[in-house]
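Listed below are the residues making up each chain.
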Number of protein chains: 4
Amino acid sequence: MKATAEIQVIPLGVGVSVREYVKKAHEILKTSGLQVQLHAFGTNVEGELDDILAAVKRVHETLHAEGVTRISSAVKIGTRTDKEPTLAGKLF
Amino acid sequence: MKATAEIQVIPLGVGVSVREYVKKAHEILKTSGLQVQLHAFGTNVEGELDDILAAVKRVHETLHAEGVTRISSAVKIGTRTDKEPTLAGKLF
Amino acid sequence: MKATAEIQVIPLGVGVSVREYVKKAHEILKTSGLQVQLHAFGTNVEGELDDILAAVKRVHETLHAEGVTRISSAVKIGTRTDKEPTLAGKLF
Amino acid sequence: MKATAEIQVIPLGVGVSVREYVKKAHEILKTSGLQVQLHAFGTNVEGELDDILAAVKRVHETLHAEGVTRISSAVKIGTRTDKEPTLAGKLF
């Protein structure tokens, strides 16, 4: 099933600046075979829902492995059966 | 990896009242081996992140199979390495 | 205009444990004339939209005044014209 | 207090296609004196928190006035005291 999603990652316990880890999360999404669009509140992605969910898991795993103690992520997912969901189709 | 999560499902194209489908989504989560807590803006769950993500996918699949054309879901995920994340531990 | 809302507050730069500040945020909402329901991923509230938005602002202001350098909040708002929106009406 | 925010609006009861109303919401934000950036999952804004919250209210009011029976919005707000929060500062 194809889906679009927005993935926002908030690392806790690494101080006020979280850029290093947010950037790492974005890089993981970019190398996950998904189409990605970075914006100020997350990364929008397009692809198979399975791949999106696996990428979300990989982000949590990788950031923990790199020393982040606590992670709060927010994921919005859009699916539809009348036409293929795309990021481009949500713009105007 | 253990996680806590909040899952909110918004079915589109089924009219103003979405209760029937939100209830169905909650039932799917309840039968997914996760601990669940219903509240007014979603269902909070606790369990293995793999099981949580699989349940999110099942919700989208099942609701589409039952005739919902478009679904927007919002998932918040919390993981931490210093102690086991639990729903109870987030209350005070 | 009456509304229901969910307010989640994530303080950044105060370490891994954010309980003290999340509790403070909940107390601010409780004393804002809104009906409140605490859960593991935020506080659900019911009341006038103006009061809800003012309370969200007060949470940011108060936590900053108490020393939190950075705050990320997530607010879901529900309004409807066919009947009065209530938290109780969203449960089943 | 300056803030950055993401505002996503989901109209319910208007059918599967919600583009007309999402576009209207974006136009309201654009004419609210805020800096705005449209993306596939919402509009990112930058400005005074008061203006942002007033704009969120205006979106709900205007869409209801144009016939939308039910609205679910999701607003993420970022504030910080160590430097001025900007949308540009959140990109890399």
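Description of the sheet that holds strand S4 (residues 70–80) of chain A
Consideration 1: Strand order in the open sheet formed by 8 strands is S2(A)-S3(A)-S1(A)-S4(A)-S4(B)-S1(B)-S3(B)-S2(B), and the pairing between neighbours is antiparallel. Both outer strands of the open sheet, strand S2 (35–39) of chain A together with strand S2 (35–39) of chain B, are each paired with one neighbouring strand and no more. Averaged over all adjacent pairs, the angle separating strand axes in this sheet is 20 degrees, with direction ignored.
Consideration 2: Sheet strands in contact with helix H1 (residues 19–30) of chain A are strand S1 (2–12), S2 and strand S3 (42–48) of chain A, and its direction is about 155 degrees off that of S1(A).

Some points on the relation of the copies chain D and chain C
Consideration 1: Turning chain D through 180 degrees and shifting it by 0.0 Å along the axis lays it on chain C, with an RMSD of 0.0 Å. The symmetry that links the two subunits is that of a two-fold axis. Within chain D, the C-alpha atom positioned nearest to the axis of rotation is that of Val75(D), 2.5 Å from it.
Consideration 2: Of all interface residues in chain D, 100% are interface residues in chain C too; the two copies therefore contact each other through one and the same surface.

Here's the deal with the packing of aromatic side chains
Consideration 1: Evaluated as defined, the whole model comprises 0 aromatic pairs over all chains.
Consideration 2: Sitting over the face of the ring of Phe41(B), Lys90(C) holds its NZ or CZ atom 4.4 Å from the ring centroid.

Describing the interface of chain D and chain A
Note on interface size: it is often stated as the accessible area lost on association of the parts.
Consideration 1: Listed as interface residues are 24 residues of chain D and, on the opposing side, 24 residues of chain A.
Consideration 2: Counting the surface lost from both chain D and chain A, the interface buries some 2200 Å², and carbon and sulfur atoms represent 65% of this.
Consideration 3: Together, Phe41(D), Lys76(D) and Phe92(D) form the three largest contributors to the area buried by chain D at its contact with chain A, with a combined 35%.
Consideration 4: Where Glu6(D) meets Lys76(A), a salt bridge forms, and the shortest distance between an N and an O atom there is 2.9 Å.
Consideration 5: Remark: the boundary between chain D and chain A carries 11 residue pairs in polar contact (both at pLDDT 80 or more).
Consideration 6: When residues of the side of chain D that touches chain A are traced back to their parent elements, those giving at least two are strand S1 (2–12), helix H1 (19–30), strand S2 (35–39) and strand S4 (70–80) of chain D.
Consideration 7: Among the residues forming the side of chain D that touches chain A, the class breakdown is 10 nonpolar, 7 polar and 7 charged.

Some points on the relation of the copies chain D and chain A
Consideration 1: Once chain D is rotated about the relating axis by 180 degrees and shifted along it by 0.0 Å, it coincides with chain A to within an RMSD of 0.0 Å.
Consideration 2: Interface overlap between copies: 100% of the residues of chain D at the interface are likewise at the interface in chain A, consistent with a symmetric, same-surface contact.

A short note on the interface of chain D and chain C
Consideration 1: Contact residues are listed per partner, giving 25 residues for chain D and 25 residues for chain C.
Consideration 2: Between chain D and chain C the total buried area reaches about 2100 Å² when both faces are included, carbon and sulfur atoms providing 55% of it.
Consideration 3: When the buried surface of chain D facing chain C is broken down by residue, Lys57(D), Arg70(D) and Ile77(D) rank first, second and third, together holding 22% of it.
Consideration 4: If you look at where chain D meets chain C, you find 2 salt bridges.
Consideration 5: Mapped onto the side of chain D that touches chain C, the elements with two or more residues apiece are helix H2 (49–65) and S4 of chain D.
Consideration 6: With 11 residues, S4(D) is the single largest residue contributor to the side of chain D that touches chain C.
Consideration 7: Of the residues assigned to the side of chain D that touches chain C, the class counts are 9 nonpolar, 8 polar and 8 charged.

About the cut-offs
Residues numbered from 1 in each chain as written. Chains lettered and ligands numbered in written order. Predicted model: local features only at pLDDT ≥ 70, side-chain atom pairs only at ≥ 80, totals over all residues. Heavy atoms only, no water. Pairing = 2+ DSSP bridges. Helix = DSSP H or I, 4+ residues; strand = E, 2+ residues; numbered from the N terminus. Axes fitted to C-alpha atoms, helices over the stretch in contact; angles between N-to-C directions. Contact = heavy atoms within 4.5 Å. Least-squares fit on C-alpha atoms with pLDDT ≥ 70 in both. Phe/Tyr/Trp six-rings, centres within 6.5 Å; stacked < 30°, edge-to-face > 60°. Lys NZ or Arg CZ within 6 Å of the ring centre and 35° of its normal. Buried area = accessible area lost by both parts, 1.4 Å probe. Salt bridge = Lys/Arg side-chain N within 4 Å of Asp/Glu carboxyl O. Polar contact = N/O pair within 3.5 Å; in protein donor to acceptor, adjacent residues only side chain to side chain. Nonpolar A, V, L, I, M, F, W, Y, C, P; charged D, E, K, R; others polar.

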